[in-house]
Amino acid sequence: MKDILKIIVIATLVFTTSCGKKATAIVDNRTVVHVKVNSPSSGNNSFISASGKIEAVQNANLSTRMMGFVDNVHVNVGNKVSKGQLLVSINSTDISAQKAQVDASITEATAAFKNAEKDYNRFTALFKENSASQKEMDDITANYEMSKARLEATNQMKNQVNAQLSYSNIRAPFSGVITGKFVNKGDMANPGMPLISIETPGKYQIISMVPESEITSIKKGIKVNVLVKSTNQLVTGKVSEVSTSTKNTGGQYLVKILLDKTVVNLLSGMFTSVQFPIEKNTHKTSLILVPQSALVKQGQLTGLYTIGNENSAILRWLRIGKTFGDQVEVLSGLSANEQYIVSADGKLFNGAKVTIQ
């Protein structure tokens, strides 16, 4: 019993002593980051956005129909060329030998034809005077026709050889600029293999692929806005072609947009975002849009910073949709009445202490 009383007395003294001490205050030593915030803007889904790529309206990849070693490449990438200018020479020794044989055959056939023609004219005059028989006239006529046919055949062989020779000398089909050189001197050229690419700069178009769910809203001749992603500049254009089949385009419809003249520096291969206007539908829900500059990307994840409790930065992961100029659609992860951080004068991290300017 005495032991129990001692324990109770000691516990009472400890409790009394603890209560007598003052509580230590917790000090927040985090650096305050000054930030600017904004609310998501809303927009009506009155246009369709699709990716595309710029290319010259007049462009070509040149190849050959014959196999042979490349004797010489007369141009380099960036060279300006005129129509008919020699670009690539392919070894054609065997074709040149065939041409010499054909020329000899033409000389022989021409001589035989002229001789047969003289005999034919002579026997025709004799036959009219009843000085030649019908049999002789038939034989001379047959010989004349065969000589004529052989001469025609050799001339056609010459045309064939000349056509083959034209494929050994690749010439520019139009005036333009060399944009690609895919062979060098000594390489083996194969039929159908691209050798040189050429384009006429100054007039550009966009090749865009549109899914089947949206292709019916796009009509030929409509005006569109185009965002050039590399420069973040807007240009305008007009739909010049709308494909009606996906047979060779992987399930998407090909749409061509002819770009208007612009001072923006455009180059073939630049990626773009094309905005096709469609008829407004009052039943469509408003979009939640945020600027791309406010987004934070980590690997495959995309998010932005919002304001949490006690003025702390909270990294919110988003599911984003289409791009509309410099803004992007937020499908989930952010409501229309929430504020997000647009910019900060210091480094932001999850849980950072912030103050709104």
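A few points on the structure.

Conventions we followed
Residues numbered from 1 in each chain as written. Predicted model: local features only at pLDDT ≥ 70, side-chain atom pairs only at ≥ 80, totals over all residues. Heavy atoms only, no water. Helix = DSSP H or I, 4+ residues; strand = E, 2+ residues; numbered from the N terminus. Buried < 20%, exposed > 50% of the residue type's maximum accessible area, 1.4 Å probe, protein only. Areas by Shrake-Rupley, 256 points an atom, 1.4 Å probe, with all protein chains shown as cover. Pairing = 2+ DSSP bridges. Core = buried A, V, L, I, M, F, W, Y, C linked by side-chain atoms within 4.5 Å. Contact = heavy atoms within 4.5 Å. Phe/Tyr/Trp six-rings, centres within 6.5 Å; stacked < 30°, edge-to-face > 60°. Salt bridge = Lys/Arg side-chain N within 4 Å of Asp/Glu carboxyl O. Expected span 1.5 Å × (residues − 1).

## Points about the overall build of the chain
In terms of helices and strands, the chain carries three helices and 23 strands. Looking at the 357 residues of the chain, the share that counts as buried comes to 32%. Entry remark: accessible area of the chain is about 22,300 Å², with carbon and sulfur atoms responsible for 52%.

## Points about the sheet that holds strand 5 (residues 68-73)
The strand order across the open sheet formed by four strands is 8-7-5-10, and the pairing between neighbours is antiparallel. At either end of the open sheet lies a strand with only one pairing partner, and these are strand 8 (169-171) and strand 10 (188-189). In this sheet, strand 10 lies alongside strand 5 in antiparallel orientation, the contact comprising two bridges. Among the inter-strand pairings, Gly68 is bridged to a residue of strand 10, identified as Ala189.

## So, the nonpolar core
Judged by nonpolar contacts, the single largest core of 25 residues is most densely connected at Val224, Val239, Val255, Ile257, Leu259 and Phe276. Counting residues per element, the ones that place at least two in this core are strand 3 (47-56), strand 12 (204-210), strand 13 (223-228), strand 14 (233-242), strand 15 (253-259) and strand 16 (271-277). Core analysis: the next-biggest nonpolar cluster, separate from the first, contains 23 residues, Val73, Val75, Ile106 and Leu165 among them.

## What to know about the environment of Leu126
Relative to the assigned elements, Leu126 resides in helix 2 (residues 93-128). On a C-alpha basis, the gap between Leu126 and Met137 in space is 9.0 Å, while along the polypeptide they are eleven residues apart. Residues within four places of Leu126 in sequence aside, it is in contact with Ser131 and Ala132.

## Some words on the packing of aromatic side chains
Remark: the centre distance and the inter-plane angle together describe each pair of aromatic rings, the angle taken between the planes. One pass over the structure, following the stated rule, counts two aromatic pairs. Aromatic pair Tyr120 and Tyr144: ring centres 4.7 Å apart, planes at 15 degrees, arrangement stacked. Pair noted here: Tyr120 is in helix 2 and Tyr144 is in helix 3 (residues 134-166), with a separation of 24 residues, a long-range link. Overall, Tyr120 belongs to the partly exposed group, its relative accessible area being 25%. Following the ring pairs from residue to residue traces out a cluster consisting of Phe113, Tyr120 and Tyr144.

## Here's the deal with the pattern of salt bridges
Summed over all chains, the structure comprises six salt bridges. Arg122 is the salt-bridge partner of Asp119, the closest N and O atoms lying 2.8 Å from each other. Highlighted residues: Asp119 and Arg122, both in helix 2, separated by three residues, approximately one helical turn. We note a salt bridge from Asp260 to Lys223, for which the minimum N-O separation is 3.8 Å. Separated by 37 residues along the polypeptide, Asp260 in the loop between strand 15 and strand 16 and Lys223 in strand 13 bring together distant segments of the chain. What makes Asp260 partly exposed here is its relative accessible area of 27%. With relative accessibility at 52%, the residue Lys223 sits in the exposed group.

## Observations regarding the sheet that holds strand 6 (residues 80-81)
Read across the open sheet, the four strands follow the order 4-11-9-6; overall the sheet is antiparallel. The strands lining the two open edges of the sheet, one partner per strand, are strand 4 (59-62) and strand 6. Of the pairings in the sheet, the one linking strand 9 (residues 176-181) to strand 11 (residues 196-199) comprises four bridges and is antiparallel in character. For Ile178, the partnering residue across the bridge sits in strand 11 and is Ile198.

## Observations regarding helix 3
The periodicity of an α-helix, 3.6 residues per turn, causes residues three or four positions apart to be oriented the same way. Over its 33 residues, helix 3 runs 48 Å from end to end, which matches the ideal 48 Å to within 8%, given 1.5 Å per residue. Along helix 3, the residues that are buried comprise Met137, Ile140, Tyr144, Ser147, Leu151, Thr154, Val161 and Leu165. For helix 3, the secondary structure elements touched by its buried residues are helix 2 and strand 8.

## Here we look at the pairing of strand 11
Judged by which residues are buried, strand 11 turns out to be covered on both faces: Ile196 and Ile198 on one side and Ser197 and Glu199 on the other are all buried. Bridge analysis of strand 4 against strand 11 gives four bridges, and the strand direction is antiparallel. By the bridge assignment for strand 11, Asn61 is matched with Ser197.

## A look at the environment of Val73
Structurally, Val73 can be placed in strand 5. In this structure Val73 touches Leu87, Val88, Lys181, Val183, Asn184, Lys185 and Ile196, once residues within four positions along its chain are discounted.

## Observations regarding helix 2
Taking 1.5 Å of rise per residue, 36 residues should cover 52 Å, and helix 2 covers 52 Å from first to last C-alpha, within 8% of that figure. Those residues of helix 2 that fall on the buried side of the exposure criterion are Ile95, Val102, Ile106, Ala109, Phe113, Ala116 and Asp119. Residues of helix 2 that are buried make contact with helix 3. Where helix 2 terminates, the next one or two residues include Asn130, which has phi positive at roughly 60 degrees.

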